[in-house]
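# Geometric and topological summary
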Amino acid sequence: MLKVRKLSVTFRTEQGMVQAVDHVSFDVGEGELLGVVGESGSGKTVSLLAVMGLITDPNAVITGSIQYRGRELVGMKPRDMRALRGKEIAMIFQDPMTALTPVYTIGWQIAEQVLAHEKISKAAAWQRAIDLLAEVNIPNPQEAVHRYPHQLSGGMRQRVVIAMALSCNPALLVADEPTTALDVTVQAQILDLLHKLRRNHGSAIVFITHDMGVMAEIADRMLVMYAGRVVERGTKEELFLQPLHPYTRALLDSIPPLTGEKPKRLRAIPGTPPNLLNRPLGCAFAPRCIERFEKCSAEPALGDGKNAAACFRVSA
Amino acid sequence: MSAPLLEVVDVAKRFSAGTRFSRQGVRIVHALDGVSFTVMPGETLGLVGESGCGKSTLGRCITRLYDLTSGTLRFAGTDISALSQRQMRPMRRRIQMVFQDPYASLNPRRRVRDLIAEPLRVHTGMSEAEISKRIAELLDIVGLKPDHAMRFPHEFSGGQRQRIGIARAIALNPELIVLDEPVSALDVSVQAQIVNLLADLQERLNLTYIFIAHDLSVVRQVSTRIAVMYLGSIVEMGSADDIFSRPAHPYTQALISAVPVPDLAAQGSTKRIVLTGDVPSPVNPPSGCRFHTRCPIAQDRCRSERPVLVPSAPQRSVACHFPTC
């Protein structure tokens, strides 16, 4: 349903061109949950903002193709994009406090979105807001619609944001680190809720996170991003049980285990993620990679297979 | 057995919120309530709990950045709970702190060398030449290069900034370092580097740590003992292995089970306990056991009678009327 091909996003800055997303391609099937993992600055958020048509910075250059059910989104008129966004493609943001406006009640905010996309009465939209709040397990939804965001806890606010995203029954939901700002016990509640909603609505979800644990729990397929590129793709099982790319392996190894023997030292990845203004030539991970060899000074390509990694060690 | 380095006895901290002109009047936030524990030299005590449980407040009380409302703090046998800021000064050499946000805790207008030199200038009579030598030594210990000394904080990545914060904290050879979420603002790949660095420093400089974090897998990795906090009190305390392999308090069990594990093989082997609702407000904490509003096994007794932290086994204590082990 969503076909992204060679998507690149480049920002013009005073220091030069920053290629935040570099020839990224991926597909999302109907009802599928695609997990996108990567560290800060790996381009995971920017590539999905491009899908949402939310990159409005005049200094951004977007190239490539994003097809949603056969319609091209790159270069689409803002007016057409607005009709699609919120209705067919919706987004859940990381920080629920900034995603909600502090000056209106949450009921108003949900109803507004419904009214923007559907021809229904205000009363019906209001009723829909109450039903949605009930669906995301907000206690006492009749009363909760009258509350303002600051009166709710972080977990409750994230539920409101989810209710808003679901308000028009979108076919595709983009969730950008929806649980990162939450405590673990609340995160567990929200992940449970997403499971339930996925069963009931059948929406496809693109879930961005840096937490491999969350990924293991919910994803069907995964993309691993590093320095603006996809370095590995595959099913969850493939990535966790037989990671191909040295970066994926190193990432999994650097997480302290919750059970079993404690390692004396963690296997850290040396160095830091590259500065995109000054990206290393060839494989961007090579300077930190323990498996690098001569070939890594060239740029490895990501194969076409369902399970592929952009690494010369793998293709060799 | 040696004497404890730090003894915390029945410490409470209350803040007042609002003024008498606010709608609800002055409200009292019970941030910490009856917290007691000891820390032995050379160990790492992990403090875990969700946001608002008081773990950072406790860290700031121990370093006396906050004054206690009541209770006693004894550091190496000396009562430091009522010392004035001036009297506290010689103690500060021995108790240092590393903060969560390495972007906010370093003055952006000062060079790295001045940031690290400050504690040396305040507390020692070292000459400039000695200070320069010490800075070079400290940068080397934390894995930075000598030429980094003349740079400003914005020129560094998050991991490197945290190294600067650590260099500053160890500059005076302290005995105790309170680490308040030192790795939670960092990417996973960098987080592991800092965890390893802290472990190396502890061994090399004979440090004692109080490690505050909400990430349970990191806390398990670094801690000798762990105290689990909920709404201003410790609900369970024990060795890191015991807490994780045999959690006795229902809150600890729920907390551990809620952590998503990046291991497909382990999934489904443990039942996840999903707590309902949110943490109650510390302005108006629940009666009895503070966890009873979310506890899956709460009884009538839990609503009226507050359980105290009692030893349940050697090196182990639980504040629950119905502990599971």
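Notes on the structure in this doc start here. If you're wondering where the values come from, they're calculated on a predicted model, not measured in any experiment. (Residues numbered from 1 in each chain as written. Chains lettered and ligands numbered in written order. Predicted model: local features only at pLDDT ≥ 70, side-chain atom pairs only at ≥ 80, totals over all residues. Heavy atoms only, no water.)

## Thoughts on the overall build of chain B
- A count of helices and strands for chain B gives 10 helices and 12 strands.
- Taken along its principal axes, the extent of the C-alpha atoms in chain B is 70 × 55 × 50 Å.
- The proportion of buried residues among the 325 residues of chain B is 52%.
- For chain B, the share of sequence-separated contacts (at least 6 apart) that also reach a separation of at least 24 residues comes to 63%.
- For chain B, the exposed area adds up to about 14,300 Å²; of that, 50% sits on carbon and sulfur atoms. (Helix = DSSP H or I, 4+ residues; strand = E, 2+ residues; numbered from the N terminus. Buried < 20%, exposed > 50% of the residue type's maximum accessible area, 1.4 Å probe, protein only. Contact = heavy atoms within 4.5 Å. Areas by Shrake-Rupley, 256 points an atom, 1.4 Å probe, with all protein chains shown as cover.)

## Some details on the overall build of chain A
- Each helix and strand in chain A was counted, giving 12 helices and 11 strands.
- For a compact globule of 316 residues, the expected C-alpha radius of gyration is about 20 Å, and chain A comes in at 21 Å, within 12% of that figure.
- Looking at chain A residue by residue over its 316 residues, the buried ones come to 53%.
- Here the analysis covers contacts within chain A between residues at least 6 apart in sequence; of these, 63% occur between residues at least 24 apart.
- Of the roughly 14,100 Å² of accessible surface on chain A, 52% is carried by carbon and sulfur atoms.
- Of the charged side chains in chain A, 36 are positive and 32 negative; the average position of the first set lies 2 Å away from that of the second. (Rg over C-alpha atoms; globule rule 2.2 N^0.38 Å. Lys, Arg positive; Asp, Glu negative; His and termini not counted. Charge placed at Lys NZ, Arg CZ, Asp CG, Glu CD.)

## Quick look at the pairing of strand 8 (residues 208–212) of chain B
Residues and elements named next belong to chain B.
- The element strand 8 is largely enclosed, with a buried count of 5 among its 5 residues.
- The two faces of strand 8 match: Thr 208, Ile 210 and Ile 212 on one face and Tyr 209 and Phe 211 on the other face are all buried.
- Sheet topology note: the strand 3 (residues 44–48)/strand 8 ladder contains 4 bridges and is parallel. Paired with Thr 44 across the strands is Tyr 209, a residue of strand 8. (Pairing = 2+ DSSP bridges.)

## Some points on the layout of surface pockets
Residue and element names in this part refer to chain B.
- What the second largest pocket holds in volume is close to 850 Å³.
- Only helix 5 (158–170) and helix 6 (188–205) provide two or more residues apiece to the lining of the second largest pocket.
- Element by element, the count of residues in the lining of the second largest pocket is highest for helix 5, at 4 residues. (1 Å grid on protein atoms, 1.4 Å probe; cavity = no way out; pocket = protein on both sides within 12 Å on 5 of 7 lines; lining within 4 Å. Points joined across faces, edges and corners; volume = space filled by probe spheres on them.)

## Looking at the packing of helix 4 (residues 106–117) of chain A against helix 7 (residues 154–166) of chain A
All names here are of chain A.
- For the pair helix 4 and helix 7, interaxial distance at closest approach is 9 Å and the crossing angle is 20°. Between helix 4 and helix 7, the interaxial angle falls into the category roughly parallel. Relative to helix 7, helix 4 is oriented so that their crossing is right-handed. Facing Ile 106, Gln 109, Ile 110 and Gln 113 of helix 4, the residues of helix 7 in contact are Val 160, Ala 163 and Met 164.
- Considered class by class, the residues forming the contact of helix 4 with helix 7 number 5 nonpolar, 2 polar and no charged. (Axes fitted to C-alpha atoms, helices over the stretch in contact; angles between N-to-C directions. Parallel < 35°, antiparallel > 145°, perpendicular 65-115°, else oblique. Left-handed = near helix turned anticlockwise from the far one by under 90°. Nonpolar A, V, L, I, M, F, W, Y, C, P; charged D, E, K, R; others polar.)

## Details of the sheet that holds strand 10 (residues 233–239) of chain B
Residues and elements named next belong to chain B.
- The strand order across the open sheet formed by 8 strands is 6-7-8-3-9-10-12-11, and the pairing between neighbours is mixed. At either margin of the open sheet sits one strand with a lone partner, and together these are strand 6 (95–98) and strand 11 (310–313). Sheet twist, expressed as the average angle between the axes of neighbouring strands with direction ignored, equals 25°.
- The strands touched by helix 6 within the sheet are strand 3, strand 7 (176–180) and strand 8, with strand 8 carrying the most contacts at an inclination of about 155°.

## Some words on the interface of chain B and chain A
- At the interface, 39 residues of chain B touch 42 residues of chain A.
- Between chain B and chain A lies a buried interface of about 3,500 Å² when both sides are counted; carbon and sulfur atoms form 54% of it.
- On the chain B side of the interface with chain A, the three residues burying the most area are Arg220(B), Gln221(B) and Leu264(B), jointly 19% of the side's total.
- If you look at where chain B meets chain A, you find 3 salt bridges. (Buried area = accessible area lost by both parts, 1.4 Å probe. Salt bridge = Lys/Arg side-chain N within 4 Å of Asp/Glu carboxyl O.)

## Focus: the packing of aromatic side chains
- Evaluation of the coordinates by the stated rule reveals 8 aromatic pairs over all chains.
- Arranged with centres 5.1 Å apart and planes meeting at 65°, the rings of Tyr247(A) and Phe285(A) form a pair that is edge-to-face. Residue Tyr247(A) is found in helix 11 (residues 246–253), and its partner Phe285(A) is found in the loop between helix 11 and strand 11 (308–309); the two are separated by 38 residues along the sequence. You'll find Tyr247(A) and Phe285(A) in the same group, each marked buried.
- The interplanar angle of 80° and the centroid separation of 5.3 Å between the aromatic rings of Phe15(B) and Tyr66(B) together place this pair among those described as edge-to-face. One end of the pair, Phe15(B), is in strand 1 (residues 6–17); the other, Tyr66(B), is in the loop between helix 1 (55–62) and strand 4 (70–75), with 51 residues separating them in the sequence.
- Put simply, the rings of Tyr226(A), Tyr247(A) and Phe285(A) pair up and form one aromatic cluster. (Phe/Tyr/Trp six-rings, centres within 6.5 Å; stacked < 30°, edge-to-face > 60°.)

## Some points on the packing of helix 3 (residues 112–123) of chain B against helix 4 (residues 128–141) of chain B
Residues and elements named next belong to chain B.
- At their nearest, the axes of helix 3 and helix 4 sit 10 Å apart, and the two run at 115° to each other. When you trace helix 3 past helix 4, the crossing you get is right-handed. Contact residues: helix 3 offers Val 112, Arg 113, Ile 116, Ala 117, Leu 120 and Arg 121, while helix 4 offers Glu 128, Ile 131, Ser 132, Arg 134, Ile 135, Leu 138 and Leu 139.
- Residue composition of the contact of helix 3 with helix 4, by class: 8 nonpolar, 1 polar and 4 charged.

## Focus on the side chain of Ser223(B)
- Mapped onto the secondary structure, Ser223(B) falls in the loop between helix 7 (216–222) and strand 9 (225–230).
- Here Val219(B) takes part through its backbone oxygen, which lies 2.7 Å from a polar atom of the side chain of Ser223(B).
- Setting aside residues up to four positions removed in sequence, Ser223(B) forms contacts with Lys262(A), Thr44(B), Leu45(B), Gly46(B) and Ala240(B). (Polar contact = N/O pair within 3.5 Å; in protein donor to acceptor, adjacent residues only side chain to side chain.)

## Thoughts on the pattern of salt bridges
Residues and elements named next belong to chain A.
- For the structure on display, the rule yields 33 salt bridges over all chains.
- Residue Arg 229 is joined to Glu 299 by a salt bridge in which the shortest nitrogen-to-oxygen separation is 3.4 Å. Taken together, the positions of Arg 229 in strand 10 (residues 229–235) and Glu 299 in the loop between helix 11 and strand 11 put the pair 70 residues apart, joining distant regions of the chain.
- A residue is classified by how much of its surface remains accessible, and Arg 229, at 14% relative accessible area, is buried.
- Of the charged contacts, one joins Asp 253 and Arg 267 as a salt bridge, the two residues approaching to 3.5 Å between their closest N and O atoms.

## Some details on the sheet that holds strand 4 (residues 60–68) of chain A
Residues and elements named next belong to chain A.
- Pairing in this open sheet of 4 strands is antiparallel, and the strands run 2-1-4-5 from one edge to the other. Of all strands in the sheet, those bounded by a partner on one side alone are strand 2 (16–28) and strand 5 (71–72).
- Here strand 1 (residues 2–13) pairs with strand 4 via 8 bridges, running antiparallel. Bridge pairing in strand 4 places Ser 8 opposite Thr 63.
- The sheet strands contacting helix 1 (residues 44–52) are strand 1, strand 2 and strand 4, and the helix crosses strand 1 at an angle near 110°.

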